[in-house]
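# Descriptive analysis of the structure
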Amino acid sequence: MTRVIAIANQKGGVAKTTTAINLSACLAELGKRVLLIDLDPQGNATSGLGIAKHKLTKCIYDVLINDVSIDQVIHKTEQKNLNIVPARIELAGGEIELVSQSSREGKLKIAFEGIIGDYDFIFIDCPPSLGVLTLNALTAATDVLIPIQCEYYALEGLTLLMNTLERVRKHLNPNLNIIGALMTMFDARTNLAIQVVDEVKKYFPQKVFKTIISRNVRLSEAPSHGKAINSYDSRSRGAEVYRELAKEVLERV
Ligand code: ADP
Ligand code: MG
């Protein structure tokens, strides 16, 4: 069965996009058929995988708003087995335009119908908000993966996210599962980072991934080269940790 995994946290800068790109690429490297949906108007996953946004004629916006079939906006990437549906800035308008449409939260789920069997995993890189775009992701998803930055305010905002997931389960998607919380940008030199991991483990018993994503400068460089970490610097610590995460995700599904 295809797992559709929304990578969500309404906080910006917690490594949603970094995780979307690199987890997708590492699963593709293991031979899984993976599709990454860029659902953030910033389009960072799109450019991070080497797609030139100015050359696109269509993006996920057209799927959600103009009823364009999703297979018309699927692009291959440099990574074998990894395809992407790009986003451009007009998607920002989509957030507003969707609000006036009927079954507005279900658009993405419907769009997936014709392609879902073609993939083992579909990842959705969510925008940093809990608006109608994120609700589309959570409605279409089988699972949600929550990246959490190892910093002082890590737990702030999680209650709001959990309440949103509860509402989605009640009204839109009863079986939505939390596949795990992922600790990101861990710096072993600080006691704070270690404390934060403990706190998050208390908040999400059993749910925190064993793999912890350490800070690694190669991970922050890779997107400007349009590459996932496994092709930008295959031997880096960043590539290692995202490969570990890919294996852990396979164990959990
Ligand atoms: P989000 O999508 O949640 O807004 P990003 O994935 O864009 O977050 O990450 C925010 C910034 O942190 C980016 O500049 C990214 O390159 C950097 N970053 C993410 N993870 C790491 C890491 N493990 N080590 C170093 N830099 C990272
Ligand atoms: Mg992002």
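Reading the values: the criteria
Numbering of residues starts from 1 in each chain and follows the order in which that chain's sequence is written. Starting at A for chains and at 1 for ligands, labels are handed out in the order in which the entities are written. The model is predicted, so local features are restricted to residues of pLDDT at least 70 and side-chain atom pairs to those at 80 or more, both for listing and for counting; the totals for chains, interfaces and linings are taken over all residues. UniProt positions are given in the numbering used here, feature names are shortened, and annotations may be inferred rather than shown by experiment. Helix and strand definitions here come from DSSP, where helices need a minimum of 4 consecutive H or I residues and strands a minimum of 2 consecutive E residues; each element is numbered from the N-terminal end. Expected span of a helix: the number of residues minus one, times 1.5 Å. Three exposure classes are used, based on other C-beta atoms lying within 10 Å of a residue's own C-beta, which is placed from the backbone: buried for 20 or more, exposed for 12 or fewer, and partly exposed in between. What counts as a contact here is a pair of residues whose C-beta atoms, placed from the backbone, lie within 7 Å. In this entry, near means the residue's backbone-placed C-beta atom lies within 6 Å of the molecule or strand. Throughout, the ten residues Ala, Val, Leu, Ile, Met, Phe, Trp, Tyr, Cys and Pro are labelled nonpolar, Asp, Glu, Lys and Arg are labelled charged, and all others, Gly among them, are labelled polar. Note on pairing: DSSP must find at least two bridges between two strands before they are called paired.

As annotated in an unreviewed UniProt entry, the protein carries the name Sporulation initiation inhibitor protein Soj and comes from Desulfosporosinus fructosivorans. Per UniProt, the protein has the following entry under Subunit (unreviewed entry): "Dimerizes in the presence of ATP but not ADP; ATP-binding is required for double-stranded (ds)DNA-binding. Interacts with DnaA." Per UniProt, the protein carries the Catalytic activity (unreviewed entry) text "ATP + H2O = ADP + phosphate + H(+)".

What follows is about the UniProt feature "domain: AAA" (unreviewed entry) in the protein. Taken from the UniProt record, the annotation "domain: AAA" (unreviewed entry) applies to residues 3-178. With 35% helix and 17% strand, residues 3-178 has end C-alpha atoms that lie 12 Å from one another.

Quick look at helix α11 (residues 237-252) now. Because each turn of an α-helix spans 3.6 residues, side chains separated by three or four positions end up pointing in the same direction. Helix length check: α11 (16 residues) gives 23 Å between terminal C-alpha atoms against 22 Å at 1.5 Å per residue, within 8%. Looking at α11, one finds that the buried residues are Gly238, Ala239, Val241, Tyr242, Arg243, Leu245, Ala246 and Val249. Looking at the buried positions of α11, the neighbouring elements they touch are α1 (16-29), α9 (217-221) and α10 (229-232).

Turning our eyes to something else, we now look at the site of ligand 1. As a structural note, the neighbourhood of ligand 1 is formed by 16 residues, with Ala15, Lys16, Thr17, Thr18 and Ser220 the closest of them. Listing elements by their share of the shell around ligand 1, those giving two or more residues are α1 and α9. Class assignment of the residues belonging to the shell around ligand 1 gives a composition of six nonpolar, eight polar and two charged.

Extensive coverage of helix α6 (residues 132-140) is indicated by the burial of nine of its nine residues. Of the residues making up α6, those classed as buried are Val132, Leu133, Thr134, Leu135, Asn136, Ala137, Leu138, Thr139 and Ala140. Tucked into the core, α6 has its buried residues touching β1 (3-7), α4 (91-97), α5 (107-112), β5 (121-125), β6 (143-149) and α7 (158-171).

This brings us to the sheet that holds strand β7 (residues 177-184). One open sheet holds the seven strands; their spatial order is β3-β4-β2-β5-β1-β6-β7, and the pairing between them is mixed. This sheet does not close on itself; its edge strands, each paired only once, are β3 (75-76) and β7.

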